Structures are given as C-alpha cells and as structure tokens.
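Below are the chains, spelled out letter by letter.
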Amino acid sequence: MSVNKVILVGRLGRDPETRYTGGGQAVANFSMATDESYKDKNGERQKRTEWHKIVVWGKQAEIAQQYLKKGSLLYLEGRIQSREWQDKEGQKRTSFEIVASNFRMLGGRAEGAAASGGGGASRSGGDEHEQPAPAEDSYGGGGGTPAGGGPEISDEDIPF
C-alpha cells in the first residue's frame, strides 16, 4: 500500500491563472506559501517560507479563479506530482507540484471578497468539489443558532 497525500495551510502568492484544455476542461495554477518558525542554534527565532506550485482542475479551477486572490488563507488537500522537462540547454529537469483535490478558504471577512467566512476545515459528505460559502455565512453554518446569535469564531479557534 502507498499513500500520496498533502495537506497545506498557507497563503496564495499570486492570483490563480486559469486556462482551458482543448477539450474545454479548466485548469488553474497558483503558488502557495507555508511558513515555519524555529529557533536556531543561537536561540534566535527564524522563519522559513516554503513555496508550492498548485494545480487545480475542472470545476474547482473555476471556483479558484472566481474566489481566490493573492494573500487568501487556504486549506488545501492534494497529492505531489513530478513533471519532467528539458531546459534550453537540453538538460533533463524535474519539478514538483501539488495537484489539489479539495480546498477551503479560511480567514475572516477582513480578507475581502475572497474570504468565505465559513471555510473551516470540516468536510461534509466527502464532496470533493464543494463551493466556498458566501461571505455572508457565519462559521456556525446554521447549526441551530440564529444569525449573529453565537460567539464569533476566530482563526485561533481552528484546530490546526
């Protein structure tokens, strides 16, 4: 048995660029940054940013183009895929990208129209092609409390 699964939480480095294949299928590309903080051998706090190339296909590519913007906070699931190509000198090169199978927008309304407010990390029914909730939805998602009648949930409340 083998597993190729990636989970990332980070910010978009640029707006998605969407193209269409000859068969009419949408494909979106964007970059995503994840940060790591650590203390070096001198005890000083250091921050390292890792950049990831992301590819999204089909309906989710169209959703990404519509809702995601540079700086958007995103939860993303997918798989690592390598791509081999030849550079100008004819040398064989390999690059790696994340092919997304599912993503959710995180963050609050202050992040603009791209933020869904209800993005959260929970999945409902295993639907891999969920559309982000409109900005008017609350984190509660209609869980029995009237709109505006429950505690506001912040990014610190998300368990990852």
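Here, the structure is the one placed above.
Remember, predicted model here, so these are calculated numbers, not experimental data.

**Considerations on the overall build of the protein**
A tally of regular secondary structure across the protein gives one helix and six strands. Walking the protein from its N terminus toward its C terminus, one meets helices and strands in the order β-β-β-β-α-β-β. The proportion of buried residues among the 160 residues of the protein is 32%. Taking contacts inside the protein between residues at least 6 apart in sequence as the whole, the part at least 24 apart equals 55%. Summed over all atoms, the accessible surface of the protein reaches about 10400 Å², with 48% contributed by carbon and sulfur.

**Let's talk about the nonpolar core**
Within the largest apolar cluster, 19 residues are counted, with the highest numbers of intra-cluster contacts made by Phe30, Ile54, Val56, Leu68, Leu74, Leu76 and Phe103. Residue assignment for this core shows that the elements contributing at least two residues are strand 1 (6-12), strand 3 (26-39), strand 4 (45-57), helix 1 (58-67), strand 5 (73-86) and strand 6 (92-106). Among all residues touching Phe30, those that are not within four sequence positions of it are Leu12, Arg14, Asp15, Pro16, His52, Lys53, Ile54, Val56, Ala64, Leu68, Leu74 and Leu76.

**A short note on the environment of Pro16**
Its location among the elements puts Pro16 in the loop between strand 1 and strand 2 (17-20). For Pro16, a relative accessible area of 6% translates into the label buried. Separated by 48 residues in the primary sequence, Pro16 and Ala64 have C-alpha atoms spaced 6.7 Å apart. Sequence-distant contacts of Pro16, that is, excluding residues within four places in its chain, are made with Ala28, Asn29, Phe30, Ala64, Gln65 and Leu68.

How each quantity is defined
Residues numbered from 1 in each chain as written. Predicted model: local features only at pLDDT ≥ 70, side-chain atom pairs only at ≥ 80, totals over all residues. Heavy atoms only, no water. Helix = DSSP H or I, 4+ residues; strand = E, 2+ residues; numbered from the N terminus. Buried < 20%, exposed > 50% of the residue type's maximum accessible area, 1.4 Å probe, protein only. Contact = heavy atoms within 4.5 Å. Areas by Shrake-Rupley, 256 points an atom, 1.4 Å probe, with all protein chains shown as cover. Core = buried A, V, L, I, M, F, W, Y, C linked by side-chain atoms within 4.5 Å.

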